[in-house]
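Report on the structure
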Amino acid sequence: MKITDIKIGFISVPLKTPFKTALRTVEAVNDIIVKIETDTGHVGYGEAPPTGVITGDTTGAIVGAIEDHIKKNLIGREIEEMEEMMKVIDRSIVKNNSAKAAVDIAIYDLYGQLYHAPIYKLLGGYRKEITTDITISVNDPEEMARDSIDAVNRGYKTLKIKVGKNTALDIQRIKAIREAIGYDIDIRIDANQGWKPKEAIQILRKMEDIGFNIEFIEQPVAAHDIEGLKLVTDHTNIPVLADESVFSPKDAMHIIQTRAADLINIKLMKTGGIYNALKICSIAEMYGIECMIGCMLESKVSVTAAAHLAGAKSIITKIDLDGPVLCKEDPITGGAIFDEYKITLTDEPGFGFKNIDKIKWK
Ligand SMILES: C[C@H](N)C(=O)N[C@@H](CCC(=O)O)C(=O)O
Ligand SMILES: [Mg+2]
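Computed from a predicted model, the values in this text were never measured in an experiment.

Here the focus is the overall build of the protein. Regarding its fold elements, the protein presents 14 helices and 17 strands. Computed over its C-alpha atoms, the radius of gyration of the protein comes to 20 Å, within 12% of the 21 Å expected for a compact globule of 362 residues. Each principal axis of the C-alpha distribution contributes one length, and for the protein these read about 60 × 40 × 35 Å. When burial is assessed residue by residue, the protein has 52% of its 362 residues classed as buried. Long-range contacts, defined as pairs at least 24 residues apart, comprise 74% of the intrachain contacts of the protein with a sequence gap of at least 6.

Here it is in structure tokens:
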């Protein structure tokens, strides 16, 4: 199975409601789709979102990285040369992890087709059903309480609450949500870098004292401020999960060895795909650090790939793969089945994509 062409397309899927974090507000998933064609007629699909505020990757840069740097080094290569191809992608251009992730995902899709097996089974086969949380956007406390009730009514048992914007409101936000949904539902919070280290410690201690029962705090401080992250980790009992501070396996190793965080959020768009994500899983496993699998605003193509990784690896104990359920429609036939909180992997070869509607090919 030899690569004959790599095509680029675009999908645009409106969100059910605007997605708001401390970093940005988004109304639609506007992602790049990669289609890798082979001489056997098999095709592999990948996806990349232009999450400039987190990864630095823009639509133009993703397209340019693939078309001008990665594509020419992959045409003519055999899918069975997985290891070599992953090194080639990495050497083709520095950074540009979302572009690399899209290509990596499409190659894994083909790898599974080559060996007639779903990726989660090839990588470990730990489980085929996983349960995701859902994100509650940062808004005023009353609106967040209403959104939380709606999520609970739809069956979600874990809510990921966005905070870190107009930080004076953060305590009130969680108070309003707890009053609305009670204490049977797990709450994890994500500040998306919105707090200063000492401010974070103060807010988290208050949340502890009030007894909000927070499962963990995700990325309380600026991505680059590893000392600040460690300060927060050392001064609160609420576990700290590193998101924007961890892209590469080396980042994960550093955070774990310096004990700057208690947990790691793996996202394929930060690691550059499954190949490096597997390395983070191995590092985390060696140190007994549990991981979350997360996503950006992504549709079912790349989130299916992330779900397969979660299906393969037991060190991934927390799931934040709500991208597809935040979307108003699903243009993808095949892939994992996303039914609100329940994600079911299929046993189709690769990731099992059949078709993608409404792609605008370049
Ligand atoms: C969508 C997911 N639940 C999430 O919150 N992901 C990111 C932010 C993604 C984005 O801005 O596109 C996160 O910070 O965890
Ligand atoms: Mg996050």
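A few words on the packing of helix α2 (residues 59-74) against helix α3 (residues 82-92). At their nearest, the axes of α2 and α3 sit 9 Å apart, and the two run at 155° to each other. It follows from the interaxial angle that α2 and α3 lie roughly antiparallel. Considering the relative orientation of α2 and α3, their crossing is right-handed. On α3, the residues that touch His 69, Ile 70, Asn 73 and Leu 74 of α2 are Met 85, Val 88, Ile 89 and Ser 92.

With that out of the way, let us pick up the UniProt feature "binding site: substrate" (unreviewed entry) in the protein. When the UniProt feature table is mapped to this numbering, "binding site: substrate" (unreviewed entry) covers Arg 24, Thr 135, Lys 160, Cys 295, Leu 297, Asp 320 and Asp 322. When you line up the elements, Arg 24 lands in the loop between β1 (3-20) and β2 (25-38). Relative to the helices and strands, Cys 295 resides in the loop between β11 (291-293) and α13 (300-312). Each residue touching Cys 295, except ones within four places of it in the same chain, is listed here: Lys 267, Val 303, Ala 306, Asp 320, Leu 321 and Gly 323.

We now examine the sheet that holds strand β7 (residues 186-190). Read across the open sheet, the eight strands follow the order β5-β6-β7-β8-β9-β10-β11-β12; overall the sheet is parallel. What marks the edges here is a single partner per strand, and that holds for β5 (134-136) and β12 (316-319). Shown here is a sheet whose adjacent strand axes are inclined to one another by a mean of 30°, direction ignored.

Attention now moves to the nonpolar core. In this structure, Val 34, Ile 264, Cys 291, Ile 293, Ala 306 and Leu 309 are the most contacted members of the largest nonpolar core, which totals 117 residues. With 10 residues, helix α4 (residues 97-114) is the largest single contributor of residues to this core. Looking at which domains feed residues into this core, each of domain 1 (3-117) and domain 2 (121-356) gives three or more. The residues touching Ile 293, leaving out its near neighbours within four places in the chain, are Ile 266, Ala 306, Leu 309, Ala 310, Ile 316, Ile 319, Asp 320 and Leu 321.

Turning to the sheet that holds strand β15 (residues 342-344), a few remarks are in order. Spatially, three strands are ordered β4-β15-β14 in an open sheet, and the strand pairing comes out antiparallel. Every interior strand has two partners, whereas the edge strands, β4 (129-131) and β14 (337-339), have only one. Neighbour-to-neighbour, the strand axes of this sheet turn through a mean angle of 20°, independent of strand direction. Note: β14 against β15, three bridges, orientation antiparallel. The residue of β15 that forms the bridge with Ile 337 is Thr 344.

On to the site of ligand 1, then. Neighbouring ligand 1 are 15 residues; Thr 51, Thr 135, Met 296, Leu 297 and Asp 320 lie closest to it. When its residues are assigned to classes, the shell around ligand 1 shows three nonpolar, six polar and six charged. Lining the shell around ligand 1 are residues from two domains, each supplying at least three of them: domain 1 (3-117) and domain 2 (121-356).

It is the contact of helix α7 (residues 170-181) with helix α8 (residues 197-210), at a shortest axis distance of 10 Å, that shows an interaxial angle of 25°. As summarised for this structure, α7 and α8 are arranged roughly parallel, according to the angle between their axes. Considering the relative orientation of α7 and α8, their crossing is right-handed. Within the contact between the two elements, α7 uses Asp 170, Ile 171 and Ile 174 and α8 uses Ile 203, Lys 206 and Met 207. Its residues assigned to classes, the contact of α7 with α8 shows four nonpolar, no polar and two charged.

Here we come to the domain arrangement of the protein. Each assigned domain of the protein is listed with its residue range as follows: domain 1 (3-117) and domain 2 (121-356). Summarising the inter-unit geometry, the C-alpha centres of domain 1 and domain 2 are found 22 Å apart. The interface of domain 1 with domain 2 comprises 39 residues on the first partner and 39 residues on the second. For the side of domain 1 that touches domain 2, the secondary-structure elements that each account for two or more residues are β1, β2, β3 (43-48), α1 (52-55) and α4.

Turning to the environment of Arg 173, a few remarks are in order. With respect to the helices and strands, Arg 173 occurs in helix α7. Since 26 C-beta atoms lie within 10 Å of it, Arg 173 is described here as buried. Taking the C-alpha atoms as reference points, Arg 173 and Asp 140, 33 residues apart in sequence, are found 7.0 Å from one another.

Conventions and cut-offs
Residues numbered from 1 in each chain as written. Chains lettered and ligands numbered in written order. Predicted model: local features only at pLDDT ≥ 70, side-chain atom pairs only at ≥ 80, totals over all residues. Helix = DSSP H or I, 4+ residues; strand = E, 2+ residues; numbered from the N terminus. Rg over C-alpha atoms; globule rule 2.2 N^0.38 Å. Buried ≥ 20, exposed ≤ 12 C-beta atoms within 10 Å, placed from the backbone. Contact = placed C-beta atoms within 7 Å. Axes fitted to C-alpha atoms, helices over the stretch in contact; angles between N-to-C directions. Parallel < 35°, antiparallel > 145°, perpendicular 65-115°, else oblique. Left-handed = near helix turned anticlockwise from the far one by under 90°. UniProt positions renumbered as here; feature names shortened; annotations may be inferred. Pairing = 2+ DSSP bridges. Core = buried A, V, L, I, M, F, W, Y, C linked by C-beta atoms within 7 Å. Domains from an automatic or database assignment. Near = placed C-beta within 6 Å. Nonpolar A, V, L, I, M, F, W, Y, C, P; charged D, E, K, R; others polar.

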